[in-house]
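Overview (structure and organization)
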2 protein chains.
Amino acid sequence: MSVLLLGTVAQAGHAVLRDALGETVDLVHALATDPPGDLAAKFQDADVLVCPAYRADYPAAPNLKLLHAPNAGLDSIEFDALPEGVRVCNAFEHDVGIGEYVLSAMLKTVLDLDRTDRVFRKGDWSEAPRMGATPRSELSGQTVLCVGYGSIGQGVAVRAKAFGMKVDAVTRTPRDLEPRPDRMADFSRLGDLAADADFLVVACPLTEETEGLIGADVLARMKPTATVINVARGSIVDQKALYDALTAKRLGGAVLDTWYNYPAGEGDAVRPADYPFWEMDNVVMSPHNSGWTQGLIQRRFTLVADNIRRVLAGEPLINQVHPLP
Amino acid sequence: MSVLLLGTVAQAGHAVLRDALGETVDLVHALATDPPGDLAAKFQDADVLVCPAYRADYPAAPNLKLLHAPNAGLDSIEFDALPEGVRVCNAFEHDVGIGEYVLSAMLKTVLDLDRTDRVFRKGDWSEAPRMGATPRSELSGQTVLCVGYGSIGQGVAVRAKAFGMKVDAVTRTPRDLEPRPDRMADFSRLGDLAADADFLVVACPLTEETEGLIGADVLARMKPTATVINVARGSIVDQKALYDALTAKRLGGAVLDTWYNYPAGEGDAVRPADYPFWEMDNVVMSPHNSGWTQGLIQRRFTLVADNIRRVLAGEPLINQVHPLP
């Protein structure tokens, strides 16, 4: 059986797949930017494709049985272009890394350890209470609104509640989920809950319904001290509206991990947005790596390996998203 | 009734005390470095002294009924020097701020948002998974050892557990405390538990028993990747032993909020230790402000005000530590 790992994200799982599957499969590496002939030959043989994307212009893959996204988002998969009979699975497990990232980002708004260290290291005691220092604010008592309440929203909520924060959530289908938010509503109440939020965490899938969901109208209702944190997909937040709100200081800040433009490959230094967020001091930015941890790779590719074993054994797959079982 | 707020930490509570007590008391300000005559006059009148310290060389205070520490630690109070009949209370409420500080410090070891932001802001995508970036480690699954399991240790534990960390604790008297640590032991087992810790958080009072408790022997048993975090009192950790372990890279790092030397007053730029921790890149340092928050001041001085009211009303005091009621 030939398993084609397309792209660096899929290839990061090589060692976990090899450990789990032994020599029962061939693990083949490719990049979407490889010479077309090489790529076509590898697709020709592939029984399983591990890749976050599937595009109509990919080479023919007559043996393909499984497309396994090594990630959660399905927005880069052209389902209509998939060969007949191919099943699609995805993988989560990023709630740990992203939960840590979001809490780091929220803590940074009340407590800047790097800055304090720089000042005190020079021998300057001015931030000491005994020298009359101004006290900082606390995360405790502040409100975080999770837009989307799947594994990421819940991972943020578990941690935020331990800090004494209030947790609100909007979700497509409000239902009984743990931990129970203080308030849960459907997307129609997004503006109302955004008005009370100190932090708005974007943690929903990108769909037709959520594209541009955080637009000028929602941002206009937010507190001028509030922070937008986007760990989902760039275009759920309208980039012009966000840039305008940040420039006008109608919003406190933004922590952006997901973007509007991505490099096509090695050496492509494309800027991540059409507006210069990188020139702003009320923005913190990271290159879509909020969940990129060793634990993520271990957990995700253990699942991918299990699903490959299931294909071989003719067993039902875990996390099958297409066709819906 | 005259309430003497001695020092900037006590004076930070002025507005909260005024709000709570109205005009029933005089709030008088002084610094220990004031001219001796001025200070003596204010002590002469004081019914209540709000101050973290009491020293034998303080002026006579014949009317003093209550010494209220606006903090938890009692190590700066010379109890033998207190006038007959004076009661002493202290205040906690710093578990929120210190819990936030400790989690920030731990998160910083796995996720350096400031550095990532600096790199990506320049247009460098090299930390992106799609560009083959190395994944980071997670806080989840790591072990934190709380040395002391009072309000600070428990505050750290609540938060750390929400991150999926293992929590161990050593305490003078192991007993049933929430949240329940994975392992709890008395100080005799400190070395054993320190050997398993990724983070050792010093969160016990400074007493004869705990001075130098974290010495060369304990540090020698720790992992070379582990971090010592001291939010209690400097001298619970032997400074030479810590400096030597950090210099030899036998220890991963230290996050130090509490120190060995403090400035006597404004303009005194004394270095906080006898060894140059400020020259080391595996040390993060802050000037004893880990718990210094607006919420702390509100909560602590609400208690101080309540105790002053209780003195006036002849009611029992809250958090009385001397004489033990």
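Along each chain, residue indices are assigned from 1 in the same order as the chain's sequence is written. Throughout, the order in which chains and ligands are written sets their labels, letters from A for the former and numbers from 1 for the latter. The predicted nature of this model means local features are confined to residues of pLDDT at least 70 and side-chain atom pairs, given and counted, to a pLDDT of 80 or more, with totals for whole chains, interfaces and linings taken over all residues. Values shown for side chains rest on all heavy atoms present in the structure; no hydrogens or waters enter the calculation.

Attention shifts here to the pattern of salt bridges. Here, a salt bridge means any side-chain nitrogen of Lys or Arg that lies within 4 Å of a carboxyl oxygen of Asp or Glu. Taken as a whole, this structure holds 40 salt bridges over all chains when the rule is applied. Aspartate 196 of chain B is paired through a salt bridge with arginine 183 of chain B; the nearest N and O atoms lie 2.9 Å apart. Of the two residues, aspartate 196 of chain B is situated in helix α7 (residues 190–196) and arginine 183 of chain B in strand β8 (residues 183–185); the sequence distance between them amounts to 13 residues. Judged by relative accessible area, which is 36%, aspartate 196 of chain B ranks as partly exposed. Judged by relative accessible area, which is 33%, arginine 183 of chain B ranks as partly exposed. Here the salt bridges share partners, and the residues they tie into one network are Asp306, Arg309, Arg310 and Glu315 of chain A. Under the DSSP-based scheme used, a helix requires at least four consecutive residues in state H or I and a strand at least two consecutive residues in state E, with every element numbered from the N terminus. Throughout, exposure labels follow a simple rule: accessible area from a 1.4 Å probe, protein chains only, divided by the maximum for the residue type, with under 20% read as buried, over 50% as exposed, and the rest as partly exposed.

We now examine the interface of chain A and chain B. Taken together, the contact pairs 72 residues of chain A with 72 residues of chain B. Summed over both sides, the interface of chain A with chain B buries roughly 6000 Å², with 60% coming from carbon and sulfur. Here lysine 108 of chain B ties to aspartate 114 of chain A by a salt bridge, and the two come within 2.6 Å at their closest N and O atoms. Pairs of N or O atoms are called polar contacts if they sit within 3.5 Å, as long as, within protein, a hydrogen donor faces a hydrogen acceptor (for residues adjacent in sequence, only side-chain-to-side-chain pairs). Linking chain A to chain B there are 42 residue pairs in polar contact (both at pLDDT 80 or more). For the side of chain A that touches chain B, the elements supplying multiple residues, two or more each, are α1 (8–11), α4 (95–110), α5 (113–121), α6 (151–162), β12 (283–285) and α10 (294–313) of chain A. Here the side of chain A that touches chain B takes 10 residues from α4 of chain A, the largest share from any one element. Contacts are residue-level and defined by heavy atoms, with any inter-residue pair within 4.5 Å sufficient. Buried area is a sum: the accessible area each of two parts loses on coming together, probed at 1.4 Å, counted once for each and added.

Let's shift gears to the confidence of the model for chain A. Mean pLDDT over chain A works out to 96, with 100% of the residues at or above the 70 mark. Across the interfaces of the predicted complex, the ipTM metric reaches 0.94, alongside a pTM of 0.95. Scored between 0 and 100, pLDDT is the confidence that the predictor attaches to each residue.

On to the environment of serine 2 of chain B. Residues and elements named next belong to chain B. You can see serine 2 is positioned in strand β1 (residues 2–6). Taking C-alpha positions, serine 2 is 7.0 Å from valine 28, a pair spaced 26 residues apart along the chain. In contact with serine 2, not counting residues within four places along its chain, are Asp26, Val28, Asp45, Ala46, Asp47 and Val48.

This part covers the relation of the copies chain A and chain B. By a simple turn and slide, chain A fits onto chain B: the slide is 0.0 Å along the axis, the RMSD is 0.0 Å, and the turn is 180°. Seen this way, the second copy is the image of the first under a two-fold rotation axis. Mapped onto chain B, 100% of the interface residues of chain A again fall at the interface, so both copies present the same surface. Each copy is superposed on the other by least squares, with the fit set by C-alpha atoms of residues at a pLDDT of at least 70 in both.

Moving on: the side chain of histidine 68 of chain A. All names here are of chain A. Residue position: histidine 68 is located in strand β4 (residues 66–68). Of the polar contacts made by the side chain of histidine 68, one reaches the side chain of asparagine 307; its length is 2.9 Å. With near-sequence residues (within four places) excluded, histidine 68 lies in contact with Leu49, Val50, Cys51, Cys89, Asn90, Leu303, Val304 and Asn307.

Let's shift gears to the packing of helix α4 (residues 95–110) of chain B against helix α6 (residues 151–162) of chain B. Residue and element names in this part refer to chain B. Between the N-to-C directions of two axes lies an angle of 0 to 180 degrees, each axis being a line fitted to C-alpha atoms and, for a helix, fitted only over the stretch in contact. Two elements in contact, α4 and α6, have axes separated by 8 Å at closest approach and are oriented at 50°. Viewed along their axes, α4 and α6 adopt a mutual orientation that is oblique. α4 and α6 meet at a crossing whose hand is right-handed. Contacts between α4 and α6 pair Asp95, Val96, Ile98, Gly99, Glu100, Val102, Leu103 and Met106 from the former with Ser151, Ile152, Gly155, Val156, Arg159 and Ala160 from the latter. Oblique is the label for any angle not under 35 degrees, not over 145, and not in the 65 to 115 range, which are roughly parallel, roughly antiparallel and roughly perpendicular in turn. The crossing is said to be left-handed when, going from far helix to near helix, the turn is anticlockwise and less than a right angle, and right-handed when the turn is clockwise.

Okay, α5 of chain A next. Because each turn of an α-helix spans 3.6 residues, side chains separated by three or four positions in sequence point in the same direction. With respect to burial, α5 of chain A is a largely interior element, 7 of its 9 residues being buried. Those residues of α5 of chain A lying buried are Leu113, Asp114, Thr116, Asp117, Val119, Phe120 and Arg121 of chain A. Next to the buried residues of α5 of chain A lie α4, α5 (113–121) and β12 (283–285) of chain B. Two residues or fewer past α5 of chain A, glycine 123 of chain A is found with a positive phi of approximately 100°.

In this section: the state of the cysteines. Two cysteine sulfurs form what is called a disulfide whenever their separation falls within 2.5 Å. If you walk through the whole model with that rule in mind, you get 0 disulfides over all chains. In this model cysteine 146 of chain A remains outside any disulfide bridge; the closest cysteine sulfur is found in cysteine 204 of chain A, 11 Å from its own.

This part covers a positive patch on the surface. A contiguous patch of positive charge, built from Arg118 and Lys122 of chain A together with Arg118 and Lys122 of chain B, is present on the exposed surface. Here lysine 122 of chain B lies in the loop between α5 and β6 (143–147). A residue is classified by how much of its surface remains accessible, and lysine 122 of chain B, at 68% relative accessible area, is exposed. In this analysis, a patch consists of residues with relative accessible area above 30% that form no salt bridge, clustered at 9 Å for like charges and at 5 Å for the nonpolar side chains Val, Leu, Ile, Met, Phe, Trp and Tyr. Areas reported here follow the Shrake-Rupley algorithm with a probe of radius 1.4 Å; residue values treat only the protein chains shown as occluding. None of His or the chain ends enter the tally, which takes Lys and Arg as positive and Asp and Glu as negative. Just so you know, the charge point we use is NZ for Lys, CZ for Arg, CG for Asp and CD for Glu.

Before going further, it helps to examine the sheet that holds strand β5 (residues 87–89) of chain A. Residue and element names in this part refer to chain A. Note on pairing: two strands pair once DSSP finds at least 2 bridges between them. Ordered in space as β2-β1-β3-β4-β5-β13, the 6 strands form an open sheet in which the pairing is mixed. Edge positions in the open sheet fall to β2 (26–30) and β13 (320–322), since each of these has one partner strand only. Each strand axis lies, on average, 25° off the axis of its neighbour in the sheet, ignoring direction. As defined by bridge partners, strand β1 (residues 2–6) adjoins strand β3 (residues 48–50) across 3 bridges and the pair is classed as parallel. Looking across to β3, one finds that valine 3 is bridged to valine 48. Packing against the sheet, helix α3 (residues 36–45) makes contact with β1, β2 and β3, and its axis sits at approximately 140° to β1.

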